[in-house]
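Listed below are the residues making up each chain.
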Amino acid sequence: MNSGLRAAIAGVGAYVPAKVLTNADFERMVDTSDEWITKRTGIKERHIAEEGESTVSMAIEASRRACKNAGIEPGELDMIACATITPDTLCPSSACYIQQGLGAPEAAVFDLSAACSGFVYCLAIARRFIEAGQFKNCLVIGAETISRFTDYEDRGSCILFGDGAGAVVLKPTEDDAKGIRYTVMHADGKGWDYIWIPAGGSKLPASQQTVEQRLHYLKMRGRDVYKFAIEKMQWLLEDCMKACDLTPDDVDLVVPHQVNIRILKSATEKLKFPMEKVYVNIDRYGNTSAASIPIALDEAVRSGRIGPGSTVLLIAFGAGLTWAGAVVKL
Ligand code: UT7
C-alpha cells in the first residue's frame, strides 16, 4: 500500500558533550601517540559525556533542536525511533525516556540496535510508515555514550570512540523533488564477534567475575573490521548510485559513518568517487557509532554545504555485522 507520499527530512539537530579528549590525553592513558592515531585513523579529538550526561539526555537535546528546525512541537510527533547500542537502561527503551523528556505523549517509540548502521536502519523504517500514511511526524535519532563501554586500557579500540547524538524529523510531502528516494539494509551475523560487548545480557549477566574480566567493555577485531568496512562502504556507494541512476556528478554530498579516514579514502578511491564530496568530521568527533551520520548531517546543513535540492547519500556499516544506505533529496 503506497499513499503517493514521500518522507522528507524537515529538520536536523545534534548535540555533543562539552568535554573533549585529545590525542595528547590518550598519550597519558595508554601506549600511543598523536602521530599514530592521526595517521591510522584521522582522529584528533572526541567529545565525552560528563557525569550526569547519557544517551537519553543527549538525544533529548538533539531532538529538541531537530524539532525546532522542522518547525514542529515535540507534542506533534507520531513516532520516535532511537538507534543506539548504549541505551540508558536495558529496559525500558531509551526512546521511552526521550518521549517523556521531550513531551511527546502520543508517539509510538522504540530503540533499534544495529550499531553504527542504526540511524540509517531507523530512517528506512520511519520512511515506510510515512509513505504508508500511518504516521506524519517521525523523529529518527542516533545517540551513543560509547565512552561508558570503552576499555580505556585497550589502545586498539579506546582511541576511536566519542559520544554524542543527532536527530532528524521526517514529514510527509507530495513534492516529487524532495524526500527519501532509496534505502537499503543488510546484515551478516557470522561477524558477530568482530565488534561486541560480551557481558551484561541474558547469556552472561553482570557478576563480579564479568567485571573483573572487563567483559562489559566493547571488544573489537580492528583489522577484520577494517577490511569489511572498506568492502561494504564501497558496495553501498555503488548500490545507492545505481539504484537511483546517479553518477558522482549528480551527488552533492556523501555523509558516511565517520569510521576511519583511511577506510573512507580507500572505499572512494576504488570507485574514483571524489573525496571532496565526502563529508568528514572524524578529526573532531571520532567514531560516535549511530550518532555519527546525523551529527555530520547537521553540520553539513548548518554550514550551508547542503540545502534544499541537494542529493545526499548516507552510508554506514557497523557491529552485527550490519550495513545500510540511503539516498535523500533535501
Ligand atoms: O564503527 C566500527 C568500529 N570499528 C572500527 O572502526 C575499527 C576499524 N579498524 C580500524 O580503524 C583500524 O584497524 C585500527 C585503527 C583499529 C587499527 O589500525 P591498523 O592500521 O589496522 O593497525 P593494526 O591493528 O594492524 O595494528 C598495527 C600495530 C600493532 O602493533 P604490532 O603488532 O605491529 O607491533 C598494534 O598493536 O599498531 C599497534 N596499535 C597501536 N599503536 C599505537 C594498535 N593500536 C595502537 C595505538 N597506538 N592506539
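The structure displayed is predicted, hence computed values, not measured ones.

Novice: In this structure, what is going on with the pattern of salt bridges? I would like to understand it.
Specialist: Should the charged atoms of two oppositely charged side chains come close, the side chains can pair. Considering all chains together, one arrives at 17 salt bridges under this definition. Across the pair Glu131 and Arg128 runs a salt bridge, and its minimum N-O distance is 2.7 Å. Of this pair, Glu131 and Arg128 both sit in helix H5 (residues 118-131), three residues apart, which is roughly one turn of the helix. A relative accessible area of 45% places Arg128 in the partly exposed class.

Novice: Help me understand the domain arrangement of the protein chain in this model?
Specialist: Frequently, the measure chosen for interface size is the accessible area that the parts lose on association. Here the domain parsing of the protein chain yields domain 1 (6-176) and domain 2 (180-329). A straight line from the C-alpha centre of domain 1 to that of domain 2 covers 13 Å. Between domain 1 and domain 2, the residue contacts involve 52 residues of the former and 45 residues of the latter. When domain 1 packs against domain 2, close to 4,000 Å² is buried across both sides, 63% of that on carbon and sulfur atoms. Sorting the residues of domain 1 by area buried against domain 2 places Cys116, Val120 and Tyr121 first, and these three jointly supply 15% of that buried surface. Applying the counting rule to domain 1 against domain 2 returns two salt bridges. Across the pair Asp151 and Arg214 runs a salt bridge whose closest N-O atoms are separated by 2.8 Å. Between the two partners, domain 1 and domain 2, sit 20 residue pairs in polar contact (both at pLDDT 80 or more). Contributions of two or more residues to the side of domain 1 that touches domain 2 are made by strand E1 (6-15), helix H2 (34-41), strand E3 (45-47), H5, strand E6 (138-144), helix H6 (155-158) and strand E7 (164-173). For the side of domain 1 that touches domain 2, the residue count by class is 26 nonpolar, 12 polar and 14 charged.

Novice: Looking at this structure, how should I read the sheet that holds E7?
Specialist: Sheets are built from strands paired through backbone hydrogen bonds, the pairs being either parallel or antiparallel. Spatially, five strands are ordered E1-E7-E6-E4-E5 in an open sheet, and the strand pairing comes out mixed. Edge strands, defined here as strands with exactly one partner in the open sheet, are E1 and strand E5 (108-112). Strand-to-strand twist across the sheet, computed as the mean angle between neighbouring axes with direction ignored, equals 20°. Note: E6 against E7, seven bridges, orientation antiparallel. Bridging from a neighbouring strand, Val140 pairs with Val168 of E7. Most of the contacts of helix H3 (residues 55-70) go to E1, to which it runs at about 125°, and overall it touches E1, E6 and E7. Those strands touched by helix H4 (residues 94-102) are strand E4 (79-83), E5 and E6, and its axis lies near 130° from that of E4.

Novice: Mind showing me how you'd approach the site of the ligand here?
Specialist: Taken together, 21 residues lie around the ligand, and Thr32, Arg40, Arg223, Asn260 and Asn287 are the ones closest in. A distance of 2.8 Å is found between an oxygen atom of the ligand and a side-chain nitrogen or oxygen belonging to Arg223. For the ligand, the accessible surface in isolation is 940 Å², of which the surrounding protein chains cover 74%. Going through the elements one at a time, H2, H6 and helix H8 (222-243) are the ones with two or more residues in the shell around the ligand. Broken down by element, the residue count for the shell around the ligand peaks at four residues, all from H8. Looking at the shell around the ligand, its residues break down into nine nonpolar, seven polar and five charged.

Novice: I keep staring at helix H11 (residues 292-302) and nothing clicks. Help me out?
Specialist: Turn by turn, an α-helix covers 3.6 residues, leaving residues three or four places apart pointing in a common direction. Where burial is concerned, most of H11 is hidden: nine out of the 11 residues are buried. Every buried residue of H11 is listed here: Ser292, Ile293, Pro294, Ile295, Ala296, Leu297, Asp298, Glu299 and Ala300. Remark: Gly304 follows H11 within two positions and exhibits a positive phi of approximately 80°.

Novice: Is there a simple way to explain the environment of Ala8 in this structure?
Specialist: Turning to its location among the elements, Ala8 is positioned in strand E1. A C-alpha to C-alpha distance of 17 Å links Ala8 and Gly166, two positions 158 residues apart in sequence. When sequence neighbours within four positions are dropped, the list of residues in contact with Ala8 reads Val169, Leu170, Lys171, Thr173, Lys178 and Gly179.

Novice: Is there a simple way to think about H3 in this case?
Specialist: Taking 1.5 Å per residue, 16 residues should reach 22 Å; H3 reaches 22 Å between its end C-alpha atoms and fits that length. Within H3 the residues assigned to the buried category are Thr55, Val56, Met58, Ala59, Ile60, Ala62, Ser63, Ala66, Cys67 and Ala70. Residues of H3 that are buried make contact with E1, H4, E6 and E7. Once H3 finishes, Gly71 follows within two positions and takes phi at roughly 75°, a positive value.

Calculation criteria
- In this convention, every chain numbers its residues from 1, walking through the sequence in written order.
- In keeping with the model being predicted, local features are shown solely for residues with a pLDDT of at least 70 and side-chain atom pairs are shown and tallied solely at 80 or more, while totals for entire chains, interfaces and linings include all residues.
- Just so you know, side-chain values use all the structure's heavy atoms and leave hydrogens and water out.
- By definition, a salt bridge exists where a carboxyl oxygen of Asp or Glu is found within 4 Å of a side-chain nitrogen of Lys or Arg.
- Secondary structure follows DSSP: runs of H or I at least 4 residues long count as helices, runs of E at least 2 residues long count as strands, and numbering of each begins at the N terminus.
- Between buried and exposed lies partly exposed: a residue is buried under 20% and exposed over 50% of the maximum accessible area for its type, with that area taken using a 1.4 Å probe on protein chains only.
- Residue ranges for the domains trace back to a domain assignment, done automatically or taken from a database.
- For this analysis, residues touch if any pair of their heavy atoms sits within 4.5 Å.
- Simply put, the buried area is the total loss of 1.4 Å probe accessible area from both parts when two parts are fitted together.
- Throughout this description, a polar contact denotes any pair of N or O atoms lying within 3.5 Å of each other; where both atoms belong to protein, one of them has to be capable of donating a hydrogen while the other can accept it, and for residues adjacent in sequence the pair is counted only when both atoms sit in side chains.
- Residues are grouped as follows: Ala, Val, Leu, Ile, Met, Phe, Trp, Tyr, Cys and Pro are nonpolar; Asp, Glu, Lys and Arg are charged; every other residue, Gly included, is polar.
- Only strands joined by at least two bridges in the DSSP assignment are considered to pair.
- Here, axes are lines fitted to C-alpha atoms. For helices the fit covers the stretch in contact, and angles between N-to-C directions go from 0 to 180 degrees.
- Definition of nearness: a residue and a molecule or strand are near each other if at least one heavy atom of the residue lies within 4 Å of the molecule or strand.
- Computed with the Shrake-Rupley method and a 1.4 Å probe, the accessible areas treat only the protein chains shown as cover for residues.
- For a helix, the expected span equals 1.5 Å multiplied by the residue count minus one.

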